[in-house]
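Residue-level structural notes
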Amino acid sequence: MSTTQDLVTALKAELKAAGITYAELAGHLGLAESSIKRVFAKADMPLSRIDDVLRVLKMDFAELARKVADAQPLRRELTLEQERAVVADRKLMLLAICCLSQWTFEQMTATYRFTDAECVKYLVQLDRLGFIELRPLNRYRLKVAKGFRWRPNGPAMEYFRKHVADDYYNGGFDGEGEMLMLVHGQISKGLAATFVERLQRVGQDFAQQHLADQRLSAEQKRPYTLVVGMRSWLFAAFRDLKREAGAAR
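Sequence positions are assigned chain by chain, starting from 1 and proceeding in written order. Residues qualify for local features only when their pLDDT is at least 70, as the model is predicted, and side-chain atom pairs are given and counted only at 80 or more; totals for whole chains, interfaces and linings, by contrast, use all residues. Excluding hydrogens and water, the side-chain values take into account all heavy atoms of the structure.

Secondary structure summary: the protein contains eleven helices and two strands in total. Order of helices (α) and strands (β) in the protein, N terminus to C terminus: α-α-α-α-α-α-α-α-α-β-β-α-α. Against the compact-globule benchmark of 18 Å for 249 residues, the protein has a radius of gyration of 25 Å, which places it well outside the compact range. C-alpha extents for the protein along the principal axes are approximately 90 × 50 × 35 Å. Buried means the residue's accessible area, taken with a 1.4 Å probe over protein chains only, is under 20% of the maximum for its type, while exposed means over 50%, and partly exposed covers the values in between. When burial is assessed residue by residue, the protein has 25% of its 249 residues classed as buried. Contacts are assigned to residue pairs that have any heavy atoms within 4.5 Å of one another. In the protein, the share of contacts with a sequence separation of at least 24, taken over all contacts with a separation of at least 6, comes to 60%. Shrake-Rupley sampling with a 1.4 Å probe provides the accessible areas, and residues are treated as covered by the protein chains on show and by no other component. A total of about 17,800 Å² of accessible surface is found on the protein, and carbon and sulfur atoms cover 53% of it. The sign given to each residue is positive for Lys and Arg and negative for Asp and Glu; His and the chain ends receive no count. Working definition for charges: the position is that of NZ of Lys, CZ of Arg, CG of Asp or CD of Glu. Across the protein, 38 positive and 31 negative side-chain charges occur, with their mean positions spaced 5 Å apart. A run of H or I in DSSP counts as a helix once it spans at least four residues, and a run of E counts as a strand once it spans at least two, with each numbered from the N terminus. The globule rule used here is 2.2 Å times the number of residues to the 0.38 power, and the radius of gyration it is set against is calculated over C-alpha atoms.

Written out as structure tokens, the structure is:
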């Protein structure tokens, strides 16, 4: 739910975009400029006054509310309960992934065996979970950031380890635009953190390019899954060969 302060902040942005000064607004509303400045400074405005300002801007309240919603910070991850709810139903999880990929409603129903009613039902569930904001005509806005990640040890990553990892890594990684690289070495802890930051940027670049390529036709695109990982770890098959600390040679 939008607060009054959020609405007033959005109104200020719209007035600036429209090139309407406080003096001009005061003239339209029959008020003193000082009164307008005071109301906006306090960010305390009754709904009746908000409606007056919207009439000057030639906007309706629904449009202002959408702008407020669009300006809200996006989630970088779900809560444990939210993620558990998504993973509990594989169809719901599939549609969550489709939404992350910015698929349209029409793409979802044309590609997968969902009836229109079934697809709407799951989109409503994702809306209630705070994953998307469902809009008229089955359109939606993601409420998660482009750098969104599933919880490191949460239900989605557990599902990936149990049901997806083998299927993913069984591929040859030899197709166009594919690769699999395994690199082992010893580096300082400080540099390890630097490499993690670089890898995170690669993931963000991939997500950003995905958004930029939404304008391309379906024939010009192909689905890819980027998995990035870095871990201090010793392969289980080698652990019994490692000497205990301080053991004699």
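Now that the structure has been shown, we can carry on.
What counts as a salt bridge is simple: a side-chain nitrogen of Lys or Arg found within 4 Å of a carboxyl oxygen of Asp or Glu. Under the counting rule described, the total for this entry stands at eleven salt bridges. Residues arginine 55 and aspartate 52 are paired through a salt bridge, measuring 2.2 Å at the closest nitrogen-oxygen approach. Here aspartate 52 and arginine 55 lie together in helix 4 (residues 47-57), a separation of three residues that amounts to about one turn. Residue classification places arginine 55 among the exposed positions, given a relative accessible area of 58%.

Quick look at helix 7 (residues 90-100) now. Every buried residue belonging to helix 7 is among Leu92, Met93, Leu95, Ala96, Cys98 and Cys99, and all of these are buried. Here a polar contact means two N or O atoms within 3.5 Å. Within protein one must be a hydrogen donor candidate and the other an acceptor candidate, and residues neighboring in sequence count only if both atoms are side-chain atoms. If you check the start of helix 7, you find a side-chain oxygen 2.9 Å away from the backbone N of lysine 91, and it comes from aspartate 89. Looking one or two residues beyond helix 7, the residue adopting positive phi is glutamine 102, at roughly 60°.

This part takes up the packing of aromatic side chains. Put simply, two rings from Phe, Tyr or Trp (the six-membered ring, in Trp's case) pair if the centres are within 6.5 Å, and we call them stacked under 30 degrees between planes, edge-to-face over 60, tilted for the rest. Per the counting criterion, the structure on display carries eleven aromatic pairs. Where phenylalanine 131 meets phenylalanine 148, the ring centres are 5.9 Å apart and the plane angle is 90°; that geometry is what we call edge-to-face. Of this pair, phenylalanine 131 sits in the loop between helix 9 (116-128) and strand 1 (132-135) while phenylalanine 148 sits in the loop between strand 2 (139-142) and helix 10 (155-169), and the two are 17 residues apart along the sequence. Of the two residues, phenylalanine 131 and phenylalanine 148, neither departs from the other in class, the shared state being buried. Centroid distance phenylalanine 148 to tryptophan 150: 5.1 Å. Interplanar angle 80°. Geometry classified as edge-to-face. Taken individually, phenylalanine 148 and tryptophan 150 each receive the classification buried, so the pair is uniform in this respect. Three or more aromatic residues link up through ring pairs in this structure, and these residues are Phe131, Phe148 and Trp150. Sitting over the ring of tyrosine 122, lysine 121 keeps its end group 4.7 Å from the ring centre. We call a charge positioned over a ring when the NZ of a Lys or the CZ of an Arg lies within 6 Å of the ring centre and within 35 degrees of the ring normal.

Glancing now at the packing of helix 1 (residues 4-18) against helix 4. Note on method: axes are straight lines fitted to C-alpha atoms, helices fitted across the in-contact stretch only, with angles between N-to-C directions ranging 0 to 180 degrees. The contact between helix 1 and helix 4 brings their axes to 11 Å, and the two run at 20°. The orientation of helix 1 with respect to helix 4, classified from their angle, is roughly parallel. As for the relative orientation of helix 1 and helix 4, their crossing is left-handed in sense. Judged by residue contacts, Leu7, Leu11, Glu14, Leu15 and Ala18 of helix 1 engage Ile50, Val53, Leu54 and Leu57 from helix 4. Angles below 35 degrees are treated as roughly parallel, those above 145 as roughly antiparallel, those between 65 and 115 as roughly perpendicular, and all remaining angles as oblique. Handedness of a crossing is defined here by the sense of rotation of the near helix relative to the far one, left-handed for an anticlockwise turn of less than a right angle and right-handed for a clockwise turn.

Viewed as axis vectors pointing N to C, helix 6 (residues 80-87) and helix 7 meet at an angle of 110°, and their least axial separation amounts to 6 Å. On the basis of their axis angle, the class for helix 6 and helix 7 is roughly perpendicular. Two secondary-structure elements touch here, helix 6 through Ala85, Val86 and Val87 and helix 7 through Arg90, Leu92, Met93 and Ala96. For the contact of helix 6 with helix 7, the per-class residue count stands at six nonpolar, no polar and one charged. We call Asp, Glu, Lys and Arg charged. Ala, Val, Leu, Ile, Met, Phe, Trp, Tyr, Cys and Pro are nonpolar, and the rest, Gly among them, are polar.

As a further point, take the pairing of strand 1. Sheet topology places strand 1 next to strand 2; four bridges connect them, and they run antiparallel. Residue arginine 135 lies in a different strand from strand 2, and its bridge partner there is arginine 139. When DSSP finds two or more bridges between a pair of strands, those strands are recorded as paired. As consecutive antiparallel partners, strand 1 and strand 2 are separated by three residues, and within that stretch leucine 137 has a phi angle of approximately 60°, a positive value.

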